[in-house]
Amino acid sequence: KPFMEPEHKMFGSIRSAPWIYIKSGGPFWLAILLLFIYMSTQISGSFYDFWLNHWMKIEDYLWYIKAIGDQGGRNNSEHSTMTLHPQMDGTTESCLVILGVVLLVMLTFAVVQVFLTAHFCTRASRAIHDKMFNAVLRTSMSFFNNNTSGRILNRFSQELSTVDDLLSELLLESLVIGLYLLGTMVMVVIVNPFIIAIIAVCAVVILTVKTFYVRSSAQLKKLESASRSPVIAHVNQTLTGLTTVRAFNAQNFLTAEFHKHQDHNAGAQFLIIGLTRTFGFWVECVNLIYLCAVVASLLILNTGAANVGLAITQVVSMSTLLQFYMRLIVDLENAFTSLERTTEYSNLSSEVNWQANSTGNEIGYNWPEEGKINFVDVSFRYQKNGPKVLENLNFSVLPREKIGIVGRTGAGKSSLISALFRMAEVEGRIEIDDVDTSIISLHTLRSRISIIPQDPILFSGSLRKNIDPFDEYTDDKLWTALEEVELKEVISNLPNGMETEISEGGGNLSVGQKQLVCLARAIVRNNKILVLDEATANVDHETDALIQKTIRNKFRDNTVLTVAHRLITVMDSDKILVMSNGNAVEFDHPHILLQNEIGHLNGMVAKCGKITENAFRITAEENYNMRKHGDRR
Ligand SMILES: Nc1ncnc2c1ncn2[C@@H]1O[C@H](COP(=O)(O)OP(=O)(O)OP(=O)(O)O)[C@@H](O)[C@H]1O
Ligand SMILES: [Mg+2]
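Residues numbered from 1 in each chain as written. Chains lettered and ligands numbered in written order. Predicted model: local features only at pLDDT ≥ 70, side-chain atom pairs only at ≥ 80, totals over all residues. Heavy atoms only, no water.

**Let's talk about the sheet that holds strand β12 (residues 583–588)**
(1) Moving on: The sheet built from six strands is open, its strands ordered β6-β9-β10-β3-β11-β12 with mixed pairing. Edge positions in the open sheet fall to β6 (449–452) and β12, since each of these has one partner strand only. With strand direction ignored, the average angle separating the axes of adjacent strands in the sheet is 20°.
(2) Moving on: Pairing of β6 with strand β9 (residues 529–533), which is carried by four bridges, proceeds in the parallel orientation. From the neighbouring strand, Ile452 faces β9, where its bridge partner is Leu532.
(3) Moving on: Sheet strands touched by helix α16 (residues 541–554): β9 and β10 (559–563). Its angle to β9, the strand with the most contacts, is close to 170°. (Pairing = 2+ DSSP bridges. Helix = DSSP H or I, 4+ residues; strand = E, 2+ residues; numbered from the N terminus. Axes fitted to C-alpha atoms, helices over the stretch in contact; angles between N-to-C directions. Contact = heavy atoms within 4.5 Å.)

**Re the UniProt feature "transmembrane region" (unreviewed entry) in the chain**
(1) Moving on: Following the UniProt record, one finds the feature "transmembrane region" (unreviewed entry) at residues 20–39, 96–116, 194–213 and 279–300.
(2) Moving on: Annotated as 100% helix and 0% strand, the span residues 96–116 places its first and last C-alpha atoms 30 Å apart.
(3) Moving on: Between the end C-alpha atoms of residues 194–213 the distance is 30 Å, and the span holds 95% helix and 0% strand. (UniProt positions renumbered as here; feature names shortened; annotations may be inferred.)

**Points about the packing of helix α15 (residues 511–525) against α16**
(1) Moving on: For the pair α15 and α16, the least separation of the axes is 11 Å and the interaxial angle reads 5°. Viewed along their axes, α15 and α16 adopt a mutual orientation that is roughly parallel. On α16, the residues touching Gly512, Gln515, Leu516, Leu519 and Ile523 of α15 are Thr543, Leu546, Ile547, Thr550, Ile551 and Lys554.
(2) Moving on: Its residues placed into classes, the contact of α15 with α16 shows six nonpolar, four polar and one charged. (Parallel < 35°, antiparallel > 145°, perpendicular 65-115°, else oblique. Nonpolar A, V, L, I, M, F, W, Y, C, P; charged D, E, K, R; others polar.)

**Brief notes about the site of ligand 1**
(1) Moving on: Taken together, the neighbourhood of ligand 1 is formed by 13 residues, with Gly410, Lys413, Ser414, Ser415 and Gln454 sitting nearest.
(2) Moving on: Taking Lys413, its side chain carries an N or O atom lying 2.7 Å from an oxygen atom of ligand 1.
(3) Moving on: Here His565 contributes a side-chain N or O atom positioned 3.1 Å from an oxygen atom of ligand 1.
(4) Moving on: Protein burial of ligand 1: of its 630 Å² of free accessible surface, 71% is covered by the chains.
(5) Moving on: The dominant element in the shell around ligand 1, judged by the number of residues it contributes, is helix α10 (residues 413–420), at three residues. (Near = heavy atom within 4 Å. Polar contact = N/O pair within 3.5 Å; in protein donor to acceptor, adjacent residues only side chain to side chain. Areas by Shrake-Rupley, 256 points an atom, 1.4 Å probe, with all protein chains shown as cover.)

**Looking at the environment of Ile403**
(1) Moving on: Considering the arrangement of structural elements, one finds Ile403 in strand β3 (residues 402–407).
(2) Moving on: C-alpha separation for the pair Ile403 and Leu561, spaced 158 residues apart in sequence, amounts to 4.8 Å.
(3) Moving on: Ignoring any residue separated from it by four or fewer positions in sequence, one finds Ile403 in contact with Val397, Val560, Leu561, Thr562, Ser573, Lys575, Leu577 and Phe587.

**Considerations on the sheet that holds strand β2 (residues 390–397)**
(1) Moving on: Across the sheet, four strands lie side by side as β2-β1-β4-β5; this open sheet has antiparallel pairing. The open sheet has two edge strands with one neighbour each: β2 and β5 (435–436).
(2) Moving on: Where strand β1 (residues 373–380) and strand β4 (residues 426–432) come together, six bridges link them in antiparallel fashion. Residue pairing in the sheet places Ser379 in a bridge with Glu427 of β4.
(3) Moving on: Its contacts with the sheet put α10 on β1, β2 and β4, and the angle it makes with β1 is roughly 110°.

**Let's talk about the packing of helix α2 (residues 28–70) against helix α3 (residues 92–138)**
(1) Moving on: At a minimum axis separation of 9 Å, α2 and α3 run at an interaxial angle of 160°. Comparing their axes, α3 and α2 come out roughly antiparallel. The interaxial crossing formed by α2 with α3 has left-handed handedness.
(2) Moving on: A breakdown of the residues in the contact of α2 with α3 according to their chemical character gives 26 nonpolar, eight polar and one charged. (Left-handed = near helix turned anticlockwise from the far one by under 90°.)

**Points about unusual backbone geometry**
(1) Moving on: Residue Pro368 follows Trp367 across a cis peptide bond; omega there is -5°.
(2) Moving on: As for its position among the elements, Pro368 is in the loop between α9 (305–346) and β1.
(3) Moving on: Positive phi, close to 70°, is recorded for Arg400, a residue that is not glycine.

Written out as structure tokens, the structure reads:
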């Protein structure tokens, strides 16, 4: 029974995520280079600030010298009161040149930084997406049974968009601001080394508050997203069932329900905003203490006015930035959580033996030439620990035989086909032309057997692409195939002919037409083995007869397995396999099976009414006699 696994790991640890991102972004040296450029940008920026400050002092000094010169050295004693720096021997021009060069260097680094980051992040996003996409494409079918398509799509859209849009931006900003903060702190510490103690205390306080904030915000975000789904679902359901709502005059009831869902969601949102503000408040408090401490220590130590000014401007700009930075870091952690959630998909185990043959030498291009199929003790289950839906199946199909597979609903007919395609793990051996299919790569195996499934699958795209997805055949060949399934006229009358767009899932074709398109696809591929899982319920007698006729003509030299719901479809087969509860209970020519008074097939035929039963018996007998005389065609 298919079951849904709960979505786990909403907000896990994020320790591995940064490494995953760095690894996806490119070679390791690129990350190092990027870090180097970020640091260089910041260092040149800090140096710019420093130099500006330095230049100001020089200008002061030059102005002072000039003033003294004007006074003709009359007041020489004042010279000694000016605190002179030994390096203050520059001129306005040289200061300006140095400032210009630093500015240019900073600008260059900043531009390179942006371009390199864009390159790095794009590469990372692409690698993460590709890895995830390939893993999902290659993973076993049980994954798709356990996860709704909505959930898979959600992970591809929501989590990946966070990684694509937010993560790169947050990473850039948090690096720039983090380094800027670091630079500022270093500047302040250079001016006054005692500040280090204050910074350490503040850092501990802020980190404690942050840990608290991160945990609560993760939980609240979870709560918010969980309470959002019912609101969306409610609106959706209401719109779908609008006529019912109006018919039963249930508007008020539904409005009240909507308000209830909305309140829950708004409550969670309000809490998130409250939490952010509280966090901001605490960071602001810590900042204030820090600012006071810096100013006080500078005043007590009586550092020069320019230095105090520099320190205060830096600290004030830092306080706003620090708060912003903390929020950035929290958002970054959440974005990394999204990245972790994508890696859950990237690490899905793929189906065994997907691409290359385990023995190293891939099977010949023409395999299978005969179309002989052997099932030896085959058991099959969809989930690893699930129930066996096929048990110890043993039967052999000879080359070119037409086999009908019948049985009640749920008997395991479609599962038998899934086993043939190895859609899940198969116990026992399935041999095609005496080659154990477990040693053939799944890609090869599946491309060498044609199937017309119970629910025919068409892709959105042109009709041509649907019949010949890899552009391997000429138009003539495709038209011939369409003619054989009697679709030529219908399609050539369409304005775009074979280029007609098929909507998603083949919505603009009837089920019968879809099966015919699938049949045309099988005809052009001309594989030695064809499997047909009838969708009889959806196809009229005429289409059914057409499909059977075409198969008899076109697949005369092929092995054909037909899962049939209408017994008449397979009464003239070479053999009938009767399935019951995952076992093969009968396997022989229908005429022989019908001789067995207590046989399963006999029982099934007897339920069809006397006249039909007789028709079946006659068809089976005629076919049997024809075969005996060697001219069954
Ligand atoms: N994807 C799946 N995951 C788990 N169990 C499955 C899956 N598909 C089918 N089963 C189970 O396998 C058993 C056989 O199903 P199967 O589809 O082979 O029946 P069937 O003979 O093709 O029936 P029908 O005539 O209605 O098509 C059923 O008990 C069914 O519940
Ligand atoms: Mg079926």
